[in-house]
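# Structural characterization, general
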Amino acid sequence: MEIDANMTGAVIGRGGSKIKEIQEQCSVFMRVDKANIESGFVTVELQGDANGIKTAQDMINGVISERSGAREPQSRQDNRSGSYRQRPDNNYYQRESQPPDDFKLIDWNNINQAQAKKTEEMLKNLPALVKKLYRECPEVANLSPQEVQEIRKSNNNIMVQRTFEEKPGTTSAPIPNPTTKFEHCFADYPDVMEEIRKQGFQKPSPIQCQAWPVLMSGEDLIGIAQTGSGKTLAFLLPGMIHTEMQPTPRGKRGGPNVLILAPTRELALQIRDEVAKYNFRDMKSVCVYGGGSTREQIEVIDRGVEIVIATPGRLNDLVEKGTIDVSTITYLVLDEADRMLDMGFEPQIRKVLLDIRPDRQTVMTSATWPPGVRRLAQSYMNNPIQVYVGTLDLAAVHTVSQNIEIVEDTEKFDRILEFVRNMSPTDKAIIFCGRKTGANELAGSLVLEGFECQCIHGDREQADREQAVKDIKSGSVKILVATDVASRGLDIEDITYVVNYDFPRNIEEYVHRVGRTGRAGRTGVSLSLMTRKDWGSAEELIRILEEAAQEVPEELRSMADRFNAMKERRENERALVGGRPRGGGGGGGGGGGRRFNQRW
């Protein structure tokens, strides 16, 4: 929903108190996005079940209505401040005021025409771009609609469609059929086939078998699949071929062709390692990220690279310094786009997108499909094809056995000690904590108990973070204690256990944490310790467990019932309190309302 920018403070509350109240009472996750505040409106994103979202919307509208009413007398005395009226969609308020004498309406038509002309001039000066590189083999082209449907269904129920409605007067190309063999896409590129054989893959993963023909056909792609599904290779190989097959020689393009944006340093470094595995025609890459040596990164770029893997903050720094010229980018990937928006990178992403040529090919990957990701895709992608594997509903991977235990806070460390003592010599575990200090304390306590482990969180030096990942991958340590910086992007295939020492703040993060095990065809086990303060997540967790055919503890169901009863009770209390006159009963202003609340 959108609200008037002037109401932002009221909706957030002092120190975020109002957001916290709404999240606790409605069992939703709430975020206020002020990226476009200059437009006069800010976006409030709500995640949760339908009833929780509806209740949260009502609470937000109530806060705005109350604040608007409080301002009304002043606005009658001073027309400059304006009054507020509610829009028909009931979602936000718009200021009504008398415009000044020199006020002029913005001519958006002229602005759009000027922008279109500027884009046209820019494209004239850029080298030719070739995006369609796919030669469909007869075996794939001759598949019947029934065979296509069966291939998609047998590959974890692949769903594919154009994301947005076609513009009037336009006709989209047919969506390519899925492939079942590597040769179907890469038969014309024997060196790519050789690199695939070196990795020992038997057949394309579900996301790859549909994404490869889409990308090789030059289409924009939105790939939605769970973590560990092969998304990186799905966009990487077509990107390499795209780079090689451009008509202008690589040395004369003035800069890199492929840009891969990732939310965290760990994911960026993981993609870098994946690129290094595929030695395709001596292509060079660089990974630029905060915490790494800027000087060394610039030296690599100056020697010439075709592929740039970057985190948004460091990329913007190097673009502003003139070190990287993104106008030469023709193949753009936004990896884990939902995570980048969660981390507040949308302004940096939009800034970069404005500087990249508009006729580029764009790929966006995501594990979920929230409104922010959809908005970004609608603004900056060209009639994309959406490929999603499994379901768009939030769901944990089905290769993981999910175990839930309800405990007291004081029992958690003893339970973890019991758990790590029972680990076999071949087991590896990631233990997630909610806070950096908590991760440090738990790792230190485990070391004092005689268990070797590593710790990773945002305050650790980059070299220490990289060493922690190397140690758990190599097996020199079996336990990695981490915050949510590791819940996405860490691709360690042989993690056998994921433990939620602190239950995550939202159910999306639970899904991504659990996705650190059960990867690459393996099975895994997750253990989540829940305390009474986590009861707001119980109902959504039950749905996740039921969808994956997991056992739901009766205590968890009871917890969800108690939380819902508490919400209903509070709603009734608010209704009773709201019906009383403000400041009445001799209470003296707002204080009377507070005393009534405490008595109730």
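See above for the structure.
Okay, so let's go over this structure. Please read these numbers as outputs of a predicted model, since none were measured by experiment.

The geometry of helix 9 (residues 206-216) relative to helix 10 (residues 231-244) is characterised by a closest axis approach of 9 Å and an angle of 25° between their N-to-C directions. In terms of orientation, helix 9 and helix 10 fall into the roughly parallel class. The way helix 9 lies across helix 10 gives a crossing that is right-handed. For the pair helix 9 and helix 10, contact is made by Ile207, Gln208, Ala211, Trp212, Leu215 and Met216 and by Lys231, Leu233, Ala234, Phe235, Leu237, Pro238 and Ile241, respectively. Class assignment of the residues belonging to the contact of helix 9 with helix 10 gives a composition of 11 nonpolar, one polar and one charged.

Strand order in this open sheet of three strands is 1-3-2, and the pairing throughout is antiparallel. The outermost strands of the open sheet, each flanked by one partner alone, are strand 1 (2-4) and strand 2 (29-33). Pairs of neighbouring strands in the sheet enclose a mean axial angle of 25°, with direction left out of account. Of the pairings in the sheet, the one linking strand 2 to strand 3 (residues 41-47) comprises five bridges and is antiparallel in character. Counted as the bridge partner of Val32 is Val44 from strand 3.

Assignment of secondary structure puts Met340 in helix 14 (residues 337-342). Each C-alpha atom, one on Met340 and one on Leu261, is 8.9 Å from the other, the two residues being 79 residues apart in sequence. Other than its neighbours up to four places away in sequence, Met340 contacts Leu261, Ala262, Pro263, Pro312, Leu334, Asp335, Phe345, Glu346 and Ile349.

Moving on, we get to the sheet that holds strand 8 (residues 258-261). Across the sheet, eight strands lie side by side as 6-13-7-12-11-8-10-9; this open sheet has mixed pairing. The outermost strands of the open sheet, each flanked by one partner alone, are strand 6 (158-162) and strand 9 (285-288). Each strand axis lies, on average, 15° off the axis of its neighbour in the sheet, ignoring direction. Judged from the four bridges that link them, strand 9 and strand 10 (residues 307-310) form a sheet pairing that is parallel. Bridging across to strand 10, Val288 finds its partner in Ala310.

Turning our eyes to something else, we now look at helix 16 (residues 371-380). Taken as a whole, helix 16 has its buried residues at Gly372, Val373, Leu376, Ala377 and Tyr380. When helix 16 is viewed along its axis, its buried side chains cluster within an angular range of 135° and face the same direction. Those residues of helix 16 that are exposed and aimed more than 90 degrees away from the buried face are Pro371 and Gln378. Its buried side turned inward, helix 16 meets strand 3, strand 7 (221-224), strand 11 (331-334), helix 14, helix 15 (346-355) and strand 12 (361-366).

What counts and what doesn't
- Residues numbered from 1 in each chain as written.
- Predicted model: local features only at pLDDT ≥ 70, side-chain atom pairs only at ≥ 80, totals over all residues.
- Heavy atoms only, no water.
- Axes fitted to C-alpha atoms, helices over the stretch in contact; angles between N-to-C directions.
- Helix = DSSP H or I, 4+ residues; strand = E, 2+ residues; numbered from the N terminus.
- Parallel < 35°, antiparallel > 145°, perpendicular 65-115°, else oblique.
- Left-handed = near helix turned anticlockwise from the far one by under 90°.
- Contact = heavy atoms within 4.5 Å.
- Nonpolar A, V, L, I, M, F, W, Y, C, P; charged D, E, K, R; others polar.
- Pairing = 2+ DSSP bridges.
- Buried < 20%, exposed > 50% of the residue type's maximum accessible area, 1.4 Å probe, protein only.
- Arc of directions from axis to C-beta.

Without other data, these values stay purely geometric and don't point to any function.
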